[in-house]
Amino acid sequence: MTLASDDLASRFDRDGYAVLPGVLTPDEVAELRAETLRICRGERGAVEGALPPVAGESADDTVRGFLCVHYPHKLSALMLDTMRHPAIVGPLTEVIGPDIKSMQSMLFIKSEGKPGQAWHQDEMFIPTRDRSLTAAWLALDDATVDNGCLWVLPGSHRPGVIYPNREHEDPRYDCTVESYDFPYGEDDAVPVEIAAGSALLFNGYLLHKSLPNTGGRGFRRALVNHYMSAASLLPWAPPEPEQPMAQADFRDVVLVAGRDPYAYKGLADVRTPRVRPDRSGGCDR
């Protein structure tokens, strides 16, 4: 089942998120899981901060050693193709517009016992000029409350406010700082349980979090890509010397729909694949 375009756009505008059921086939999900193992084994290239695989360890144990790999689309043609997948990009054009670029991918693995992330807003980390930042959270396993699905605060994107953040020592969460002092309570939070092969789209201002995987032995794998309007500048890094902040534009991007009005600037290869440390590995910000 797919949402009609106007229904998707209206739900997204009202709630700040929308679920796209079954955007990937079971075969596509299985191949992405297999590719996850290849990445964790180092078969697709170096991942900064990754420990070498242990000889003779099982596939599950190899994958279990990772919490999250940043920028897997730079290692894997399959991950890059998934970033451009028509079943995901099509709905994105309904909530962002016809011209779309992507600047980040993250491959979350989160095996049993691994932490979640505290309340936060993606736009705090990836600022856009036009509030168009949108995540596509693609489930590679059934995401449930037990294994650490996302929780959202519906409508929290609508004020367009970036709330303050602070360090925390909550062992349930990894090294991401937590947002606080927002006008919503835990009773307003909604778990978003989705089946493998489904996607959750959500706005960059939406407050969301995840809890640890408290299930039995198993994974809550998810491929998360971030998108925005290609017509907007991306001030994700400091401007060049003597360049006004308003002209700062991060160009390590992938065009996934329409045209790029800033194509004349060219592209850059700035970010490299790396692992995200969990709290047991220290907080490297």
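Being a predicted model, the structure only gives us computed values, none of them experimental.

### Examining the layout of surface pockets
Here the largest pocket defines a volume of roughly 960 Å³. The wall of the largest pocket is formed by 37 residues, among which His 70, Phe 125, Thr 176, Arg 274 and Arg 276 lie closest to the centre. Elements that contribute at least two residues to the lining of the largest pocket include exactly β3 (100-108), β4 (117-120), α6 (122-125), β5 (134-139), β11 (208-210), β12 (222-229) and β14 (274-275). It is β3 that contributes the most residues to the lining of the largest pocket, 3 residues altogether. Here the residues of the lining of the largest pocket are counted per class, giving 17 nonpolar, 10 polar and 10 charged. Roughly 330 Å³ of volume is contained in the second largest pocket. For the lining of the second largest pocket, the class distribution of residues is 11 nonpolar, 4 polar and 5 charged.

### A few points about the side chain of Glu 112
Take Glu 112: it is sitting in the loop between β3 and β4. A polar contact is formed between the side chain of Glu 112 and the backbone nitrogen of Gly 218, at a distance of 2.9 Å. Ignoring sequence-local partners within four residues, the contact set of Glu 112 consists of Arg 64, Asn 213, Gly 215, Gly 216, Arg 217 and Gly 218.

### Points about the confidence of the model for the protein chain
Across the protein chain, the average pLDDT comes to 93, with 95% of residues at or above 70. Ignoring residues within four places in sequence, the model shows residues 280-285, a span with pLDDT below 50, making 8 contacts including any to other chains.

### As for the pairing of β3
For β3, a buried count of 9 out of 9 residues is recorded, marking the element as mostly surrounded by other parts of the structure. Strand direction decides the pairing type here: β3 and strand β13 (residues 254-257), joined by 3 bridges, are antiparallel. The partner of Ile 100 across the bridge, within β13, is Ala 257. Of the strand pairs in this sheet, β3 and β12 are connected by 8 bridges, and their pairing is antiparallel. If you follow Ser 105 over to β12, its bridge partner there is Asn 225.

### Examining the nonpolar core
Counting 37 residues, the largest nonpolar core has Leu 138, Tyr 227 and Val 256 as its most contacted members. A per-element tally of this core places helix α2 (residues 26-40) first, with 5 residues. Once residues lying within four places of it in the same chain are set aside, the contact partners of Leu 138 are Val 23, Leu 24, Leu 32, Thr 82, Ile 88, Gly 197, Ser 198, Ala 199, Arg 221, Ala 222 and Leu 223. By size, the runner-up hydrophobic cluster in this structure holds 26 residues, among which are Cys 68, Ala 135, Leu 200 and Val 224.

### Quick word on the packing of aromatic side chains
One pass over the full model with this rule turns up 5 aromatic pairs. Ring plane angle 75 degrees and centroid distance 6.4 Å describe the contact between Trp 119 and Phe 182, whose orientation is recorded as edge-to-face. Linking Trp 119 in strand β4 with Phe 182 in the loop between β8 (178-179) and β9 (190-192), this pair joins segments that are 63 residues apart in sequence. Across the pair, Phe 182 and Trp 119 agree in class, each one buried. Ring centres 6.4 Å apart and planes at 35 degrees place the aromatic pair Phe 182 and Tyr 184 in the tilted group. Given the relative accessible area of 21%, Tyr 184 is considered partly exposed. Clustering of aromatic rings is evident, with ring pairs tying together Trp 119, Tyr 163, Phe 182 and Tyr 184. The cationic tip of Arg 166 hangs over the ring face of Tyr 180; the distance from NZ or CZ to the ring centre is 4.2 Å. The side chain of Arg 271 reaches across the aromatic face of Trp 236, ending 4.3 Å from its centre.

### Concerning unusual backbone geometry
Even without a glycine there, the phi angle at Lys 110 is positive, about 45 degrees. Considering the arrangement of structural elements, one finds Lys 110 in the loop between β3 and β4. According to the relative accessible area criterion, Lys 110 is buried, its value standing at 2%. Backbone geometry places Asp 181, a non-glycine residue, at a positive phi of 60 degrees.

### Comments concerning the sheet that holds β4
With antiparallel pairing, 4 strands are arranged side by side in an open sheet as β4-β11-β6-β9. Strands at the two margins of the open sheet, each flanked by one partner only, are β4 and β9. Taking each pair of neighbouring strands and ignoring which way they run, the sheet shows an average axis angle of 25 degrees. Direction of pairing for strand β6 (residues 150-152) relative to β11: antiparallel, over a ladder of 3 bridges. Note that in β11 the partner of Leu 150 across the bridge is Ser 210.

Thresholds, definitions, all that
Residues numbered from 1 in each chain as written. Predicted model: local features only at pLDDT ≥ 70, side-chain atom pairs only at ≥ 80, totals over all residues. Heavy atoms only, no water. 1 Å grid on protein atoms, 1.4 Å probe; cavity = no way out; pocket = protein on both sides within 12 Å on 5 of 7 lines; lining within 4 Å. Points joined across faces, edges and corners; volume = space filled by probe spheres on them. Helix = DSSP H or I, 4+ residues; strand = E, 2+ residues; numbered from the N terminus. Nonpolar A, V, L, I, M, F, W, Y, C, P; charged D, E, K, R; others polar. Polar contact = N/O pair within 3.5 Å; in protein donor to acceptor, adjacent residues only side chain to side chain. Contact = heavy atoms within 4.5 Å. pLDDT = per-residue confidence, 0-100. Buried < 20%, exposed > 50% of the residue type's maximum accessible area, 1.4 Å probe, protein only. Pairing = 2+ DSSP bridges. Core = buried A, V, L, I, M, F, W, Y, C linked by side-chain atoms within 4.5 Å. Phe/Tyr/Trp six-rings, centres within 6.5 Å; stacked < 30°, edge-to-face > 60°. Lys NZ or Arg CZ within 6 Å of the ring centre and 35° of its normal. Axes fitted to C-alpha atoms, helices over the stretch in contact; angles between N-to-C directions.

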